[in-house]
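# Chains, contacts and geometry: an overview
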2 protein chains.
Amino acid sequence: MADGYGYDKRAADGKGFMRGIAIDAVIFGFHDRQLKVLLLEYSLAGIFALPGGFIRETENVNDAALRVVRERTGLGDIFLDQFYVFGDYSRFDNRPLKAIMQAGGTGFDEKHWLLQRFITVGYYALVDFTKVVPAPDEESDICRWYDMDEIPTLIQDHQLIIAKALSTLQDGLDKKLIGFNLLPDCFTMADLQAVYETILGKKLQRTVFQRKMLGLGILQRIAKKHTGRAHKAPYLYRFVSQPA
Amino acid sequence: MADGYGYDKRAADGKGFMRGIAIDAVIFGFHDRQLKVLLLEYSLAGIFALPGGFIRETENVNDAALRVVRERTGLGDIFLDQFYVFGDYSRFDNRPLKAIMQAGGTGFDEKHWLLQRFITVGYYALVDFTKVVPAPDEESDICRWYDMDEIPTLIQDHQLIIAKALSTLQDGLDKKLIGFNLLPDCFTMADLQAVYETILGKKLQRTVFQRKMLGLGILQRIAKKHTGRAHKAPYLYRFVSQPA
């Protein structure tokens, strides 16, 4: 967990981990016009934070991010992407971690490795929140989805990290959707528009959206959806393997 | 300098710097259909590398990147942007740094802070190479522009860092050009197309390019360029403050 906040008991003495570098993951969940984000609650200390962790001395940073997400949330096999390094000195504030340590009954001294300055590498992912069930592996932590407009006060700069992840996701969404594998293999233009509207947080004009999408060359029209009323059936599309 | 390769004598004992985290900067230079990249040569050791450095204990990471570029290249006031963290364990290979240290006549032991594993935060910039004159501040280093197709063998993963920086630059160039402030205030469509073609490394079809650019809503047409032959004069454009 980043910055000496999220407190992983197995990393208590810091042996085998890189110093000063953490990972935080913003996992967005999408389903049926809702966008959520996955947060951990350190319930004893009443602190909310992004899932995060540290890098083993011989571990690739990207692998560490996947491991951390799997360990802290129970989510395996998701497409995580780096988006920014949060490295301002002002984010160094170890009081919340001390609160977590104290609430957990663990002793510490001021030289504890987690109480030093950390920079954090931000990762983000987009998943269907009905298909992934968070399961934190430490009983004292609660891990669950929060609506984007109901995010509690988070430790440190985690609110900023979420905002930056969201703008990264929104920017160039066309290229990202395919990688995130969020839609079923075949979908209607209305399905696609719903994804865009939910992630961008605004309504889009149907004909303009359709023209733009078809112009990108990333969609292949495959068949009409069978609805029983053939003349009203919308076309189905799928993503072509790679945009030109 | 990243990964214990670029050797900054003032950081010899590592006092006051964060451990294990470096910065590397890919500074692209553009002018008149040429794209170059700025490299340092450690001439005594015969090693080529990206300009890079370290982060002071109380310094923001982004500020450190600006300082490092200014110190190592003499370039001040450029728009640097983060693009990726290179954090694979496989990049940990301290032999080239030992060569630099030995060539420089400095002693070291295996526990030297620069000989440990580093991850590096990659930054990139795009400048007009006729307007910025590199001036390394350590006499043993040579700092100069290299054509993209004449890049010498670089230490470690610096070739990969350049490739990733280039693809980041190419991707969504529309939004980046304004920030990089590369074109004069007023320019022709042909000027703009030349920038795109040079950075993308391919020819673009004139009418398609023009239609796409005008469709982005980032250009304002201001006047015809005065050439003496009024009916042949191309339009001049400037960027509107922000794309919609």
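All values reported here derive from a predicted model rather than from experimental measurement.

With that out of the way, let us pick up the interface of chain A and chain B. At the interface, 24 residues of chain A touch 24 residues of chain B. Contact between chain A and chain B buries roughly 1800 Å² in total, counting both sides, with carbon and sulfur atoms accounting for 52%. When residues of chain A are sorted by the area they lose upon contact with chain B, A:Q82, A:V85 and A:R117 head the list and together hold 24% of the total. If you look at where chain A meets chain B, you find 1 salt bridge. Where B:K175 meets A:D171, a salt bridge forms, and the shortest distance between an N and an O atom there is 2.7 Å. Among the secondary structure elements, those contributing two or more residues to the side of chain A that touches chain B are β1 (17-31), β4 (52-56), α1 (61-73), β5 (81-86) and β6 (119-128) of chain A. Counting residues per element, the side of chain A that touches chain B draws most heavily on β1(A), which supplies 4 residues. The residue makeup of the side of chain A that touches chain B, split by class, is 9 nonpolar, 7 polar and 8 charged.

Residue and element names in this part refer to chain B. Along its 12 residues, helix α5 (residues 189-200) runs 16 Å from first to last C-alpha, staying within 8% of the 16 Å computed at 1.5 Å per residue. Looking only at α5, the buried set comprises M189, L192, Q193, A194, V195, Y196, E197, T198 and I199. Just downstream of α5, G201 is the residue with a positive phi angle, here 70°.

Let us look at the side chain of B:K98. Residue and element names in this part refer to chain B. Relative to the elements of secondary structure, K98 occurs in helix α2 (residues 95-103). Residue K98 is classed as buried on the basis of its relative accessible area of 17%. If sequence neighbours within four positions are ignored, K98 has contacts with F108, E110 and L115.

Bringing the packing of aromatic side chains into the picture now. Summed over all chains, the structure comprises 26 aromatic pairs over all chains. When the ring of B:F83 is compared with that of B:Y124, the centres are 5.8 Å apart and the planes differ by 90°; the resulting orientation is edge-to-face. Taken as a pair, B:F83 in strand β5 (residues 81-86) and B:Y124 in strand β6 (residues 119-128) lie far apart in primary sequence, 41 residues in all. The two residues B:F83 and B:Y124 agree in class, both being buried. Put simply, the rings of A:F17, A:F54, A:W113 and A:F118 pair up and form one aromatic cluster. It is A:K164 that lies over the ring of A:Y84; its NZ or CZ is 4.1 Å from the centre. In this arrangement the basic side chain of A:R221 is found over the ring face of A:Y235, its NZ or CZ atom lying 3.7 Å from the centre.

A few words now on the sheet that holds strand β9 (residues 219-224) of chain A. Here we have 3 strands laid out as an open sheet, ordered β8-β10-β9 (chain A), and antiparallel in their pairing. Both outer strands of the open sheet, β8 (187-188) and β9 of chain A, are each paired with one neighbouring strand and no more.

Residue and element names in this part refer to chain A. Where helix α3 (residues 158-170) meets helix α4 (residues 173-180), the axes come as close as 7 Å, and the angle between the chain directions of the two elements is 100°. Classified by the angle their axes make, α3 and α4 are roughly perpendicular. Contact residues: T168, L169 and Q170 in α3; L173, K176 and F180 in α4. Tallied by class, the residues present in the contact of α3 with α4 amount to 3 nonpolar, 2 polar and 1 charged.

Conventions used here
- Residues numbered from 1 in each chain as written.
- Chains lettered and ligands numbered in written order.
- Predicted model: local features only at pLDDT ≥ 70, side-chain atom pairs only at ≥ 80, totals over all residues.
- Heavy atoms only, no water.
- Contact = heavy atoms within 4.5 Å.
- Buried area = accessible area lost by both parts, 1.4 Å probe.
- Salt bridge = Lys/Arg side-chain N within 4 Å of Asp/Glu carboxyl O.
- Helix = DSSP H or I, 4+ residues; strand = E, 2+ residues; numbered from the N terminus.
- Nonpolar A, V, L, I, M, F, W, Y, C, P; charged D, E, K, R; others polar.
- Expected span 1.5 Å × (residues − 1).
- Buried < 20%, exposed > 50% of the residue type's maximum accessible area, 1.4 Å probe, protein only.
- Phe/Tyr/Trp six-rings, centres within 6.5 Å; stacked < 30°, edge-to-face > 60°.
- Lys NZ or Arg CZ within 6 Å of the ring centre and 35° of its normal.
- Pairing = 2+ DSSP bridges.
- Axes fitted to C-alpha atoms, helices over the stretch in contact; angles between N-to-C directions.
- Parallel < 35°, antiparallel > 145°, perpendicular 65-115°, else oblique.

All we've got here are geometric facts, nothing functional implied.
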